[in-house]
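Reading the structure
Listed below, chain by chain, are the residues.
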Protein chains: 2
Amino acid sequence: MSFEKLCLHTITTKSWDLQTAVQKYSAAGIGGVSIWQDSAQAYAGGLKAAGEMTRSEGLDIVSYVRGGFFTGLDAATRQKAIDHNKSMIDEAAELGAPLIVLVCGATPGQSLFTSRDQIAEGLAQVMPHAEAAGVKLGIEPLHPMYADSRSAVSTMAQSNAICDIVDHKNLGITLDVFHVWWDDQLEAQIKVTGEKGRLFSFHICDWKDNPEDMLNDRGLMGEGVIDIPQIRSWVNAAGFDGYDEVEIFSNRYWAMDQDEYLAMIKQAYLDTK
Amino acid sequence: MSFEKLCLHTITTKSWDLQTAVQKYSAAGIGGVSIWQDSAQAYAGGLKAAGEMTRSEGLDIVSYVRGGFFTGLDAATRQKAIDHNKSMIDEAAELGAPLIVLVCGATPGQSLFTSRDQIAEGLAQVMPHAEAAGVKLGIEPLHPMYADSRSAVSTMAQSNAICDIVDHKNLGITLDVFHVWWDDQLEAQIKVTGEKGRLFSFHICDWKDNPEDMLNDRGLMGEGVIDIPQIRSWVNAAGFDGYDEVEIFSNRYWAMDQDEYLAMIKQAYLDTK
């Protein structure tokens with residue numbers, strides 16, 4: 001069994017700096033890496049060199065994480081977010097990352113409907129910049145437990161609706177099983193996403209029974225309640241043939257030996273193929 | 001301003017035993033109480049006497065909390081749940097509570113679709129018992145962050161679908177703003193619930209920005225991101241004229257002086273009317 005279509009997010013093994021992570025993943029036969037902004041920015045040689053180093057180790061850069069946060073109570077705040085996303089697009093281009101994952105934002109004090117309108121408006125402003133840079137943007141619907149201040153976009157249906165409004169070939173969706181596994185419309189909406197040619201990336205991990213923490217207690221694939229093979233079958237049926245990206249925030253796993261953890265991730269990936 | 005249509009759940013001030021809670025609420029001019037099972041069972045004189053004591057203090061018993069948990073991997077587990085719910089119905093009748101709130105259950109290892117089928121099947125088994133006892137049952141959709149093992153019913157739409165399947169006048173819905181505030185179908189589904197005459201009760205509290213805990217960090221009304229007046233207006237437009245029930249699980253509030261807390265609850269209720 002090969003790990004060519006396995007990709008890790010640098011945050012999954014966040015105590016490793018970018019070079020260490022890339023070398024470890026490469027030595028493990030893993031094909032891809034999604035690079036978090038802090039990890040890339042800490043690389044001494046700059047973003048361009050970080051990208052070259054990564055590719056020279058034989059790894060594909062799958063995505064740059066993460067842009068978004070388009071909402072705000074006033075226009076100045078929203079303009080700042082648009083400018084920030086344009087900068088991130090430039091950074092992604094420098095790094096050689098084809099895709100930026102978006103956590104779209106939510107603002108306490110305004111309705112989620114208003115926030116979603118602002119997200120669509122912000123995206124419309126940045127898409128020409130993304131196209132010129134040859135970078136795609138993937139809306140990642142986040143679990144409704146993050147609808148307070150992280151993402152007013154909680155479902156694939158809302159993501160598809162925003163893509164329909166903005167209507168740009170560089171805009172699509174990043175599906176993370178952690179966020180959408182519970183949704184009774186998931187299969188149908190994955191199908192729509194595939195038909196529209198906008199399923200850009202696929203994140204895996206697991207939802208543990210009774211997580212201890214809302215952010216940092218994600219499980220390894222197979223450790224929780226998500227039927228990953230089922231969701232992957234829908235994703236594949238929708239035409240997706242990209243990477244399985246492992247993105248796990250976990251105080252427990254971050255605290256253990258990261259080489260052992262990497263071996264566990266590979267095994268969990270095999271067990272849930 | 002009167003507190004006649006305000007109701008507190010005993011768990012909101014859980015360090016008070018039932019008699020203390022009832023006397024404190026009554027002295028505060030509050031009209032109703034929803035009684036949790038542990039609180040009722042700890043009353044020395046038994047359930048019938050607990051009900052009489054409560055009414056003699058001038059409080060309405062609004063609901064008995066909580067039944068449900070109908071799912072399970074094998075038939076014996078599910079039969080046990082059905083028997084347990086029948087017992088709870090008997091208890092509610094003894095107490096004089098017109099309604100039992102249901103947390104419907106979810107079982108790791110089976111799909112949410114299967115769990116929802118089992119919930120409908122379990123309910124169909126208990127409804128004749130509920131009708132004979134003169135007790136109503138309210139399905140409470142729970143936030144998707146509890147879909148692992150607490151409730152496969154996460155939305156008002158799923159609740160309405162189960163009510164349609166079971167189709168019994170004693171079965172309806174309990175809406176808690178904490179669980180459903182994020183849902184873009186909320187207004188439409190409240191309307192359906194009203195048209196079908198099945199909106200049985202209404203729970204309020206708030207979703208804080210960045211809660212510290214998935215269970216026990218609920219906010220007072222007005223302290224978080226939920227637009228309670230907006231949701232109440234939909235509920236009232238759907239014909240609901242029952243109690244505003246305050247159900248707050250909060251390590252922070254449980255740790256403070258409960259008389260002061262009670263005064264804060266009353267003020268928060270006024271501020272979000």
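Residues numbered from 1 in each chain as written. Chains lettered and ligands numbered in written order. Predicted model: local features only at pLDDT ≥ 70, side-chain atom pairs only at ≥ 80, totals over all residues. Heavy atoms only, no water.

1. Here's the deal with the environment of B:Asp209
With respect to the element layout, B:Asp209 can be found in the loop between strand 7 (199-204) and helix 9 (228-237). The class for B:Asp209 is partly exposed, based on a relative accessible area of 37%. Along the primary structure B:Asp209 and B:Gln79 are separated by 130 residues, whereas in three dimensions their C-alpha atoms are 40 Å apart. Leaving out residues up to four positions away in the same chain, B:Asp209 has contacts with A:Pro108, A:Asp148 and A:Ser149. (Helix = DSSP H or I, 4+ residues; strand = E, 2+ residues; numbered from the N terminus. Buried < 20%, exposed > 50% of the residue type's maximum accessible area, 1.4 Å probe, protein only. Contact = heavy atoms within 4.5 Å.)

2. Some points on the pattern of salt bridges
This structure, assessed with the given rule, holds 24 salt bridges over all chains. Note that A:Lys273 is salt-bridged to A:Asp244, the shortest N-O span being 3.7 Å. Placement of A:Lys273 in the segment after helix 11 (258-271) and of A:Asp244 in strand 8 (residues 244-246) is noted, with a sequence separation of 29 residues between them. The partner of B:Asp217 in a salt bridge is B:Lys208, with the nearest N and O atoms 2.8 Å apart. The buried category is assigned to B:Lys208, whose relative accessible area is 13%. The network of salt bridges with shared partners includes A:Asp164, A:Lys196 and A:Arg198. (Salt bridge = Lys/Arg side-chain N within 4 Å of Asp/Glu carboxyl O.)

3. Comments concerning the UniProt feature "domain: Xylose isomerase-like TIM barrel" (unreviewed entry) in chain A
Per the UniProt entry, the sites bearing "domain: Xylose isomerase-like TIM barrel" (unreviewed entry) are residues 23-252 of chain A in this numbering. Summarising residues 23-252 of chain A: 43% helix, 17% strand, and an end-to-end C-alpha distance of 23 Å. (UniProt positions renumbered as here; feature names shortened; annotations may be inferred.)

4. Side note on the packing of helix 3 (residues 47-56) of chain A against helix 4 (residues 75-95) of chain A
Residues and elements named next belong to chain A. One way to put it is that helix 3 packs onto helix 4 with a least axis distance of 7 Å and a crossing angle of 40°. The orientation of helix 3 relative to helix 4 falls into the category oblique. Two secondary-structure elements touch here, helix 3 through Leu47, Lys48, Ala50, Gly51 and Arg55 and helix 4 through Glu91, Glu94 and Leu95. Considering only residue class, the contact of helix 3 with helix 4 consists of three nonpolar, one polar and four charged. (Axes fitted to C-alpha atoms, helices over the stretch in contact; angles between N-to-C directions. Parallel < 35°, antiparallel > 145°, perpendicular 65-115°, else oblique. Nonpolar A, V, L, I, M, F, W, Y, C, P; charged D, E, K, R; others polar.)

5. Focus: the interface of chain A and chain B
Contacts between the two partners involve 23 residues from chain A, matched on the other side by 23 residues from chain B. When chain A packs against chain B, the two sides together hide about 2,100 Å² of surface, and 63% of this comes from carbon and sulfur. In terms of surface lost to chain B, no three residues of chain A exceed A:Asp148, A:Trp182 and A:Met214, which account for 26% of the buried area on that side. Counting the contacts that link chain A with chain B gives zero salt bridges. Linking chain A to chain B there are 10 residue pairs in polar contact (both at pLDDT 80 or more). With three residues, the single largest contributor to the side of chain A that touches chain B is helix 5 (residues 112-133) of chain A. Looking at the side of chain A that touches chain B, its residues break down into 12 nonpolar, four polar and seven charged. (Buried area = accessible area lost by both parts, 1.4 Å probe. Polar contact = N/O pair within 3.5 Å; in protein donor to acceptor, adjacent residues only side chain to side chain.)

6. What about the nonpolar core?
Ranked by internal contacts, the top residues of the largest apolar core, which has 172 residues, are A:Leu123 and B:Leu123. Look past the residues within four positions of A:Leu123 in its chain and what remains in contact with it is A:Phe70, A:Leu102, A:Leu137, A:Ile139, A:Ile162, A:Val166 and A:Leu171. (Core = buried A, V, L, I, M, F, W, Y, C linked by side-chain atoms within 4.5 Å.)

7. Structural notes on the pairing of strand 6 (residues 171-176) of chain A
All names here are of chain A. For strand 6, the buried fraction is high: six of the six residues fall into the buried class. Alignment of strand 5 (residues 136-139) against strand 6, held across three bridges, turns out to be parallel. Looking at strand 6, one finds that Ile139 is bridged to Ile173. Handedness of the crossover is the feature at issue here: the chain leaves strand 5, passes through helix 6 (residues 156-166), returns alongside strand 6, and the resulting connection is right-handed. With four bridges joining them, strand 6 and strand 7 (residues 199-204) adopt parallel strand pairing. Its bridge partner being in strand 7, Ile173 is matched across the sheet by Leu199. (Pairing = 2+ DSSP bridges. Right-handed = clockwise from strand over helix to strand, strands pointing away.)

8. Notes on unusual backbone geometry
Residue and element names in this part refer to chain A. The peptide bond linking Val65 to Arg66 adopts the cis configuration, its omega dihedral lying at 5°. As for its position among the elements, Arg66 is in strand 3 (residues 60-68). Notably, Asn210 is not glycine yet its phi reads approximately 60°, a positive angle. By secondary structure assignment, the location of Asn210 is in the loop between strand 7 and helix 9 (228-237).

9. Regarding the sheet that holds strand 2 (residues 32-36) of chain A
Residues and elements named next belong to chain A. An order of 1-2-3-4-5-6-7-8 is seen for the eight strands of this closed barrel, with the pairing classed as parallel. Averaged over all pairs of adjacent strands, the angle between strand axes in this sheet comes to 30°, irrespective of strand direction. The strands touched by helix 5 are strand 4 (99-103), strand 5 and strand 6; relative to strand 5, the strand with the most contacts, the crossing angle is about 145°.

10. Considerations on the relation of the copies chain A and chain B
Note on the copies: chain A fits chain B at an RMSD of 0.0 Å, the axial shift is 0.0 Å, and the rotation between them is 180°. Between the two chains, the operation in question is that of a two-fold axis. A shared interface surface links the copies, since 100% of the contact residues of chain A are contact residues in chain B too. (Least-squares fit on C-alpha atoms with pLDDT ≥ 70 in both.)

11. Let's talk about the sheet that holds strand 3 (residues 60-68) of chain B
All names here are of chain B. Spatial strand order, 1-2-3-4-5-6-7-8: eight strands in a closed barrel with parallel pairing. Strand after strand, the sheet turns through a mean of 30° between neighbouring axes, direction not considered. By the bridge criterion, three bridges tie strand 7 to strand 8 (residues 244-246) in an arrangement that is parallel. Looking at strand 8, one finds that Phe202 is bridged to Asp244.

12. What about helix 6 of chain A?
Residue and element names in this part refer to chain A. Buried within helix 6 are the following residues: Met156, Gln158, Ser159, Asn160, Ile162, Cys163 and Val166. Where helix 6 is buried, its residues touch helix 5, strand 5, strand 6, helix 7 (177-180) and helix 8 (186-195). Within two residues after helix 6, Asp167 carries a phi angle of roughly 50°, on the positive side.

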